[in-house]
Structures are given as C-alpha cells and as structure tokens.
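# Residue-level structure breakdown
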Amino acid sequence: MNLHEYQGKQILASHGVRVQRGIVANNAVEAVAAAKEITAETGTEWYVVKAQIHAGGRGKGGGVKLAKNLQQVEEIAGQIIGMDLITPQTPPTGKKVHKVLIAEDVYYPGESETSEFYMSVLLNRGKGRNMIMYSTEGGMDIEEVAEKTPHLIFTEEIDPAVGLQGFQARRIAFNLGLSGNAFKEMVKFVDSLYTAYVQSDSSLFEINPVLKTSDNKILAVDAKVVLDDNALYRQKEYADMRDVREENPIEVEAKEVGLNYVDLDGTVGCMVNGAGLAMATMDLIKYAGFEPANFLDVGGTADAKRVETAFRIILRDPNVKAILINIFGGIVRCDRVAQGVVDAYKNMGDSINVPIIVRLQGTNADIAKELIDNSGMPILSATLFQEAADQVKNALS
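Because the structure is predicted, anything quoted here is derived from the model rather than measured. (Residues numbered from 1 in each chain as written. Predicted model: local features only at pLDDT ≥ 70, side-chain atom pairs only at ≥ 80, totals over all residues. Heavy atoms only, no water.)

We now examine the overall build of the protein. Along the protein, the regular secondary structure elements total 13 helices and 18 strands. In terms of principal-axis extent, the alpha carbons of the protein reach across some 85 × 50 × 40 Å. Across the 397 residues in the protein, those meeting the buried criterion constitute 48%. For the protein, the share of sequence-separated contacts (at least 6 apart) that also reach a separation of at least 24 residues comes to 67%. Of the roughly 18800 Å² of accessible surface on the protein, 50% is carried by carbon and sulfur atoms. (Helix = DSSP H or I, 4+ residues; strand = E, 2+ residues; numbered from the N terminus. Buried < 20%, exposed > 50% of the residue type's maximum accessible area, 1.4 Å probe, protein only. Contact = heavy atoms within 4.5 Å. Areas by Shrake-Rupley, 256 points an atom, 1.4 Å probe, with all protein chains shown as cover.)

Here's what the structure looks like:
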C-alpha cells in the first residue's frame, strides 16, 4: 500500500526521525492557514508547496514549487490542487492532485554548505535480508546514478538475527563523507529510519533527498513509503491511511469483493485459481504471441456468482479481446467451475462480447469439458496448456 509523502513523514517522525515539517491542505485557503502555522512553529518565511500523489518526479512535472510569501502560497496551491500532474511515474494522462503539503524551507544559509543524499531501506529478496541503499548523489533519480556512476551507490545488509548494528550506521555516515555533529546526526537518523521501517511493516522507505542542513542537522526532505499489505491486520492505524483515489479503480473494486487483481497492458484477460498457475498462464499467453491484460486469482472458490463478478471486472478493461480461464480443480471440482462459467455466461447475456477459452484440469475435468461443450454457449474448451494457447491464438487471429 503506497502512502503520500505527508503520511510517510508522520510515521518517520513517530519513530524519532527528523523530517522537514509541514501541514497538508485541501485547498488554497487551508494552504495559507497551514503556512502561517508552519511559520509560528519553525520561523520559516519561505515555503515549499508539494503536490501529494502516489508518484515520484513531482518536481519535474511542476508539482513542487517554492513560495516566498503567503500570497504565493495561495496562488501556487490554487494552481497545483486540481491539476492532472504528469511525471515519469504516472500514466500518460497524469494523476489528479487533491491536496498539497505546505512545508518549511530547510535550505537556509548557515555555517556550512547543504548536502543532499539518497537513502532507502528495502528487502533484498535474493538474500532474504533487509538492506540500506544509500548514495552521496541525493536529489537525482537513483536509476540514473546506478547507470552512470554505480560506484557512488553503497549498500548495507542487515542480519535479521541481530538487526542494524552501530558500526553499520557509522559506516554509512563515514561513506557519505560526514564528520563532527553531522556524523552523529546521520548515525541517529539511520538507526531511527531502520526502526521505523521494521516496526511499520514496510516493504520500502525511500528518502530522496536526505538533507544535511547548513547547521549540520540531518533530516528527511521527502518520503516514499510502501507498506506490506499482508501486515495491515496488525497496523490498523496505517491501514486507515489508504487513499483509494490514487489506486486503479478496477483493482479497488476487485479487492472489495475478495479477488486478487492486477491491471496490465495486454489484450488477453486471465481468470485463474492460484498465484503460481496465474503466473504460468501469463507466460503461456506471452509465448502465444500476446500480452496478458491482467492478473486475476479467484482463489479456491469459483461458483457462478464469483465467476460472474470476475467476468465483469475483467471486461471493465476496454483493451480485453479474449478471456482465458485456467482452473486446476483440487479444492473445487472442475464440473462445478464449468457450471459456474456456463451460468455466469447465461446471466450476463450480451455483456460478454469477446471469445472465452476455458481450460480445466483436475477432479472431474472430463465431466467439466462435456458440460461446456454441450452448453450451447460459444465457449471454447481446452485440456492441455498448449491447446489453450492455440485456442487463444485462433480466437484473436
């Protein structure tokens, strides 16, 4: 589950991480009130107005601007709120901005130059360990840094048996070229950041940039946070932070009815039971020369109502030209699935205007094939994987 910047900063601050302070606003009037409150709290006279959407690169798209007085805060907030912000990480049409964060200016003059760093905490799936990735090249796209100057990216792997050790936090601060009070501040920052990551059950914390201020403080200027959906049952206060306006509406609808659905860019809709079989089915479609339109796992139940719901969700995507149903009948018998498919097809009538290919294997697969073949419905049945692929190819050629 993705969070907005201001939500991520709330989690960071609750675990002792110093952050760029700010207040969220839903309109220009609230933005001015937020700016006044920030001035009273921090003394800042300049403000950063930041669009709050689930995407990076907001500054490049005009979603992050500096305001030097309250009038500019009002003007800029009015321009950003309601705009369709287009960044390298949004769809081509962009994402509508519903709120902005009014943040303090932290690039004030002082005894030393400011410095920007990159830092993230994430899971190294290959080694089954959390790791901290960091670089002296903050404020830039980490992908660009990795491509052009990979020697400037460092990693610190965390042994799950002992957690982050003090020498590792000190090594990070040393590799970032810090000394004195900034060194101490970074050690504390890294320790608190890792604690926030673990205790919030996150799958990603990305801070870009981490700023060393002119008076040698270390703080998070930005925060990209992704929570592990599977842990939300024990993070209920974070579950309430979900903003469905930022998510794919089809995926939201599917989740509400208990279906595991991920929207993709292809033309062949998939309805499968089990994540492993779903991945194999998507590979099958690609080997046949086409692209899957979705990942949809109906789980262990595939009665008429559930199949019909899955049909309707898949057909919400106008790019779908055919639907491949691939079910292994273990928990649920194949003949029951077949009857569910037939009944759903009858109930939906003309709503289904694309070819349906059904492959059923497992308990009572022979009965299931007979049910579909004798249904009188224009449903194509298959027994083997390759046969299903050929059926898809024939239907779309």
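There is more to say after this.
The feature "binding site: ATP" (unreviewed entry), as given by UniProt, occupies Lys50, Gly57, Arg58, Gly59, Val106 and Glu116 in the numbering adopted here. Relative to the helices and strands, glycine 57 resides in the loop between β2 (47–51) and β3 (64–67). What glycine 57 contacts, discounting residues up to four positions off in sequence, is Thr87 and Pro88. Note on placement: valine 106 falls in the loop between β6 (100–104) and β7 (115–124). Those residues in contact with valine 106 that sit more than four places away from it in its chain are Gln20, Leu211, Thr213, Leu219 and Val221. (UniProt positions renumbered as here; feature names shortened; annotations may be inferred.)

With that settled, consider the packing of helix α9 (residues 275–287) against helix α13 (residues 385–396). Put simply, α9 and α13 touch, their axes get as near as 10 Å, and they point 50 degrees apart. When the interaxial angle is binned, α9 and α13 end up oblique. The crossing of α9 and α13 is right-handed. From α9, Leu277, Ala280, Thr281 and Leu284 reach across to α13, where they touch Phe385, Ala388 and Ala389. Considering only residue class, the contact of α9 with α13 consists of 6 nonpolar, 1 polar and no charged. (Axes fitted to C-alpha atoms, helices over the stretch in contact; angles between N-to-C directions. Parallel < 35°, antiparallel > 145°, perpendicular 65-115°, else oblique. Left-handed = near helix turned anticlockwise from the far one by under 90°. Nonpolar A, V, L, I, M, F, W, Y, C, P; charged D, E, K, R; others polar.)

Strands in a sheet are paired, the pairing made by backbone hydrogen bonds, and the direction either parallel or antiparallel. The strand order β1-β6-β2-β3 describes an open sheet built from 4 strands, whose pairing is antiparallel. Across the chains shown, the open sheet's two edge strands, defined by having one partner strand only, are β1 (22–25) and β3. Taking the axes of each pair of neighbouring strands and ignoring which way they run, one obtains an average angle of 25 degrees across the sheet. Judged from the 4 bridges that link them, β1 and β6 form a sheet pairing that is antiparallel. Residue glycine 22 lies in a different strand from β6, and its bridge partner there is alanine 103. (Pairing = 2+ DSSP bridges.)

Let us look at unusual backbone geometry. Cis geometry marks the peptide bond from asparagine 208 to proline 209, where omega comes out at 10 degrees. Phi at asparagine 364 takes a positive value of approximately 60 degrees, unusual for a residue other than glycine. Looking at where asparagine 364 falls in the secondary structure, it is placed in the loop between β17 (356–362) and α12 (365–373).

A separate point is the packing of aromatic side chains. A full pass over the atoms with the stated rule returns 3 aromatic pairs. Here tyrosine 134 and phenylalanine 154 contribute two aromatic rings whose centre-to-centre distance is 5.3 Å and whose plane-to-plane angle is 20 degrees, an arrangement assigned as stacked. Taken as a pair, tyrosine 134 in strand β8 (residues 129–135) and phenylalanine 154 in strand β9 (residues 153–158) lie far apart in primary sequence, 20 residues in all. For tyrosine 134, a relative accessible area of 1% gives the class buried. (Phe/Tyr/Trp six-rings, centres within 6.5 Å; stacked < 30°, edge-to-face > 60°.)

Counting 38 residues, the largest nonpolar core has Leu12, Met119, Ile132, Met186, Phe189 and Phe205 as its most contacted members. Here this core gets 9 residues from one element, more than from any other, and that element is helix α6 (residues 180–199). Counting residues in each nonpolar core, the second largest holds 34 residues, with Met271, Ala344, Ile356 and Ala368 among its members. (Core = buried A, V, L, I, M, F, W, Y, C linked by side-chain atoms within 4.5 Å.)

To continue, consider the side chain of glutamate 246. Turning to its location among the elements, glutamate 246 is positioned in the loop between α7 (236–239) and α8 (249–256). Judged by its relative accessible area of 8%, glutamate 246 falls in the buried class. If near-sequence neighbours (up to four positions away) are discounted, glutamate 246 is found in contact with His4, Gln52, Ile53, His54, Lys95, Lys96 and His98.

Taken together, the buried positions of helix α5 (residues 166–175) are occupied by Gln168, Ala169, Ile172 and Ala173. One side of α5 holds all its buried residues, which, seen down the axis, span an arc of 140 degrees. Against the buried residues of α5 lie β7, β8, β9 and α6. At the C-terminal side of α5, glycine 177 shows a positive phi close to 80 degrees. (Arc of directions from axis to C-beta.)

Let us now look at α13. Taking 1.5 Å as the rise per residue, α13 with 12 residues should run 16 Å; its terminal C-alpha atoms sit 17 Å apart, in good agreement. Every buried residue of α13 is accounted for by Ala388, Ala389, Gln391 and Val392. The buried side chains of α13 occupy one side of the element, clustering within an arc of 155 degrees when seen end-on. With respect to the buried face of α13, the exposed residues turned more than 90 degrees away are Gln386 and Asn394. (Expected span 1.5 Å × (residues − 1).)

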